[in-house]
Amino acid sequence: IPANSAAASSGNTEGIFGFGYDGSQTAVTNLVSNAGVVATDTAGVGTARFQLGATQYGEDKGIIGFGYAVGIGYTALSNLVSNAGVVATDQAASTGSARGTPSACSYGGDKGIFFGGDTGSPTGITNLVSNAGVVATDTAAVGTGRYGSGACEYGSDKGIVGYGYPSGVVATTNLVSNAGVVSTDVAGVGTARGNIAGCSYGGDKGIFGFGETGSYAMVGMTNLVSNAGVVATDTAAVGTAR
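If you're wondering where the values come from, they're calculated on a predicted model, not measured in any experiment.

Colleague: So what exactly am I meant to see when it comes to the overall build of the protein here?
Modeller: Tallying secondary structure elements over the protein gives zero helices and 16 strands in all. For 242 residues, the compact-globule formula gives about 18 Å, and the C-alpha radius of gyration of the protein, at 16 Å, lands near that figure. For the protein, the C-alpha atoms occupy an extent of roughly 40 × 40 × 35 Å along the three principal directions. Of all intrachain contacts in the protein linking residues separated by at least 6 positions in sequence, the fraction that spans at least 24 positions is 44%. Surface exposure of the protein reaches about 10200 Å², of which carbon and sulfur atoms provide 56%.

Structure, rendered in structure tokens:
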């Protein structure tokens, strides 16, 4: 998620980590400088929860959404992050189906999308995020519903969602157009797994990495995504499987 950008322009240079589980649910955040330095804890704002999704919007801002809160269950809450890295209180309007472990990425240069998640069963519904941070109502599922998938940008203005749990693990991917339209399933490439991470690199490409297989074995392989959204076969693991 971008944070603390000096001006509203593409090519954000800072980031933020937020919320999660540390033995109990938390809303603590940590800013990341443009040199990759992680700051000390910032006191939590908004409902503490875990199993969230997060993406950027508006070119220099971010949004954290959905998740599981003890005593509440799955939520559709969202919190905006300003271009100074300040997390806002919960948005008054909770839009979309409450769920945990959705994936999220940006598209169209200044908008975002939340994909899938766990509502008690795997789902493939999506929610678009406008360039003002407004979360839209559910868009009906396209492709295989799942949770624990990864998502990232590619081609400078498009997105891709990959892998995850519909029941067992899959390597299925779905492209997201620069208008936020999710494509039908693309046959999986590489090792099927869930709880996977994704991010962009090189300005117009992406990468999926790590996760766990259907036997819940942790793995460390990665899969590159080209600037046309094509996923490559496994690259051998580097670093600790997790």
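Colleague: Explain the sheet that holds strand β8 (residues 103-107) here, please?
Modeller: Across a sheet, paired strands are connected by hydrogen bonds in the backbone, their directions being either parallel or antiparallel. Within the open sheet, the three strands sit side by side as β8-β9-β10. Their pairing is antiparallel. Two strands close off the open sheet at either side, each with one partner strand: β8 and β10 (122-129). Sheet twist, expressed as the average angle between the axes of neighbouring strands with direction ignored, equals 20°. Alignment of strand β9 (residues 111-118) against β10, held across six bridges, turns out to be antiparallel.

Colleague: Just checking my understanding: could you explain the side chain of Thr 47 for this structure?
Modeller: Structurally, Thr 47 can be placed in the loop between β2 (25-32) and β3 (53-57). Residues within four places of Thr 47 in sequence aside, it is in contact with Phe 19, Ala 69, Ile 72, Leu 77 and Asp 90.

Colleague: Got a minute to help me understand the sheet that holds strand β16 (residues 218-225) in this structure?
Modeller: Read from one edge of the open sheet, three strands run β14-β15-β16, paired in antiparallel fashion. Two strands close off the open sheet at either side, each with one partner strand: β14 (197-201) and β16. Across the sheet, the mean angle from the axis of one strand to that of its neighbour is 20°, orientation sign disregarded. Summarising the sheet, β14 and strand β15 (residues 205-212) pair through five bridges and their orientation is antiparallel. Its bridge partner being in β15, Ala 197 is matched across the sheet by Gly 209.

Colleague: Even after reading the chapter, I still don't get the pairing of strand β4 (residues 61-65), so can you show me in this structure?
Modeller: The element β4 is largely enclosed, with a buried count of four among its five residues. Pairing analysis gives five bridges linking β3 to β4, with the strands arranged antiparallel. Paired with Tyr 57 across the bridge in β4 is Lys 61. Here β3 hands over to β4 after three residues, with Gly 58 in that stretch at a positive phi of 60°.

Colleague: Looking at this structure, how should I read the pairing of strand β1 (residues 15-21)?
Modeller: If a strand is regular, its side chains alternate between the two faces of the sheet. Summarising the sheet, β1 and β2 pair through six bridges and their orientation is antiparallel. Looking across to β2, one finds that Gly 20 is bridged to Thr 26. Between the end of β1 and the start of β2, which pair antiparallel, lie three residues, with Gly 23 showing a positive phi angle near 110°.

Colleague: What exactly am I supposed to notice about the side chain of Thr 172 here?
Modeller: Summarising the element assignment, Thr 172 is placed in strand β13 (residues 170-176). Accessibility expressed as a relative area gives 14% for Thr 172, which makes it buried. Discounting chain neighbours no more than four positions away, the residues touching Thr 172 are Arg 146, Val 161, Gly 162, Tyr 163, Asp 185, Val 186 and Gly 188.

Colleague: What is the right way to read the environment of Val 32 from this model?
Modeller: Mapped onto the secondary structure, Val 32 falls in strand β2. The class for Val 32 is buried, based on a relative accessible area of 18%. With 17 residues separating them in the primary sequence, Val 32 and Gly 15 have C-alpha atoms 4.8 Å apart. In contact with Val 32, other than residues within four places in its own chain, are Glu 14, Gly 15, Ile 16, Phe 17, Val 37 and Val 38.

Colleague: Looking at this model, I keep getting lost on the packing of aromatic side chains. Mind explaining?
Modeller: When we look at a pair of aromatic rings, we describe it by the centre distance and by the angle of the planes. A complete count under the given rule lists six aromatic pairs for this structure. Relative to Tyr 165, the ring of Tyr 147 lies with its centre 5.4 Å away and its plane at 20°, an arrangement referred to as stacked. Note that Tyr 147 is positioned in the loop between β10 and β11 (150-154) and Tyr 165 in the loop between β12 (158-164) and β13, a separation of 18 residues in sequence. Taken together, the ring pairs in this structure connect Tyr 21, Phe 50, Tyr 68 and Tyr 74 into an aromatic cluster.

Colleague: Help me out: how do you make sense of the environment of Ala 43 in this one?
Modeller: With respect to the secondary-structure elements, Ala 43 resides in the loop between β2 and β3. A residue is classified by how much of its surface remains accessible, and Ala 43, at 61% relative accessible area, is exposed. Between the C-alpha atoms of Ala 43 and Asn 30, which are 13 residues apart in sequence, the distance is 9.1 Å.

What counts, and where the lines are drawn
Residues numbered from 1 in each chain as written. Predicted model: local features only at pLDDT ≥ 70, side-chain atom pairs only at ≥ 80, totals over all residues. Heavy atoms only, no water. Helix = DSSP H or I, 4+ residues; strand = E, 2+ residues; numbered from the N terminus. Rg over C-alpha atoms; globule rule 2.2 N^0.38 Å. Contact = heavy atoms within 4.5 Å. Areas by Shrake-Rupley, 256 points an atom, 1.4 Å probe, with all protein chains shown as cover. Pairing = 2+ DSSP bridges. Axes fitted to C-alpha atoms, helices over the stretch in contact; angles between N-to-C directions. Buried < 20%, exposed > 50% of the residue type's maximum accessible area, 1.4 Å probe, protein only. Phe/Tyr/Trp six-rings, centres within 6.5 Å; stacked < 30°, edge-to-face > 60°.

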